[in-house]
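The chain contents come next:
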Amino acid sequence: MKVDQQWVEDNIDIVSKIFNRLNRDESSANKSNHKRKMKEDMDRVIYRGYYELARKQEKERVNKAKTIGDKQERLRLDQVVEANASNTKQAISNTDEAIDLLDDQLTIKDKQINEKDKQINEKDKQIETLLNTIQLLSRT
């Protein structure tokens, strides 16, 4: 089984950290020496388990970061939806208030029109009375 050498080079610090964590009895010099040997002879069987463990932990870290990112995105979208719903409710409320105001204005205008109609009817009656009076006077 061949080791993905590019991945090991890119992630040597992670592999080395796992190696050091699992081999606590190693001195600093030995730890540094193992890191150097990992770079030089990546196909050595002794290191393969560490590579796989590092790869697995890195994959879990990436998946966890994606999950957190997905949750953050869902939360952000929920906030946007909630804000839009709030804005929509406010717009509906403002529209309802505007409709009520227009209804009130229409009621006032209707009353003014009715009052003018009454005045016109009163004037019509006065004109009719005057015409009747003129007719009566003209007969005599």
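Below you will find a few notes about this structure. (Residues numbered from 1 in each chain as written. Predicted model: local features only at pLDDT ≥ 70, side-chain atom pairs only at ≥ 80, totals over all residues. Heavy atoms only, no water.)

Digging into the side chain of Ser-16
Inclusion rule: A run of H or I in DSSP becomes a helix once it reaches four residues, and a run of E becomes a strand once it reaches two; helices and strands are each numbered from the N terminus. Whether two residues are in contact is decided by their heavy atoms: any pair within 4.5 Å suffices.
Counting through the fold element by element, Ser-16 comes out in helix α2 (residues 12–22). Residues in contact with Ser-16, not counting those within four places in the same chain, are Lys-35 and Met-38.

A few points about a nonpolar patch on the surface
Put simply, the rule is: Patch membership is restricted to residues that have no salt bridge and whose relative accessible area is over 30%. Joining uses 9 Å for like charges and 5 Å for the nonpolar side chains Val, Leu, Ile, Met, Phe, Trp and Tyr. Here the accessible surface of atoms and residues is derived via Shrake-Rupley with a 1.4 Å probe, and residues count as covered only by protein chains that are part of the display. We define a salt bridge as a side-chain nitrogen of Lys or Arg found within 4 Å of a carboxyl oxygen belonging to Asp or Glu. Think of it in three bands: residues with accessible area under 20% of the maximum for their type are buried, residues over 50% are exposed, and the middle band is partly exposed, with areas taken using a 1.4 Å probe on protein chains only.
Judged by side-chain polarity, Ile-127, Leu-131 and Ile-134 come together as a nonpolar surface patch covering roughly 300 Å² of accessible area. By the secondary structure assignment, Ile-127 is in helix α4 (residues 45–139). Residue classification places Ile-127 among the partly exposed positions, given a relative accessible area of 47%.

Remarks on α4
Short version of the rule: A helix is expected to span 1.5 Å for every residue after the first.
Taking 1.5 Å per residue as the helical rise, α4 with its 95 residues ought to reach 141 Å, and the 138 Å between its terminal C-alpha atoms agrees with that figure. Residues of α4 that are buried include every one of Tyr-47, Tyr-50, Tyr-51, Ala-54 and Glu-58, and no others. As for α4, its buried residues are in contact with α1 (5–10), α2 and α3 (28–40).

A look at the pattern of salt bridges
Pairing between side chains of opposite charge can happen when the charged atoms of each approach one another. In this structure the tally under the stated criterion is 2 salt bridges. A salt bridge links Arg-61 to Glu-58; the nearest nitrogen and oxygen atoms lie 2.5 Å apart. Taken together, the residues span about one helical turn, with Arg-61 and Glu-58 both in helix α4 at a distance of 3 residues. You can call Glu-58 buried: its relative accessible area is 15%. In this structure, Arg-76 and Glu-73 form a salt bridge, with 2.8 Å as the shortest nitrogen-oxygen distance. Pair noted here: Arg-76 and Glu-73 are both in helix α4, with a separation of 3 residues, about one helical turn. Overall, the relative accessible area of 35% leaves Glu-73 in the partly exposed class.

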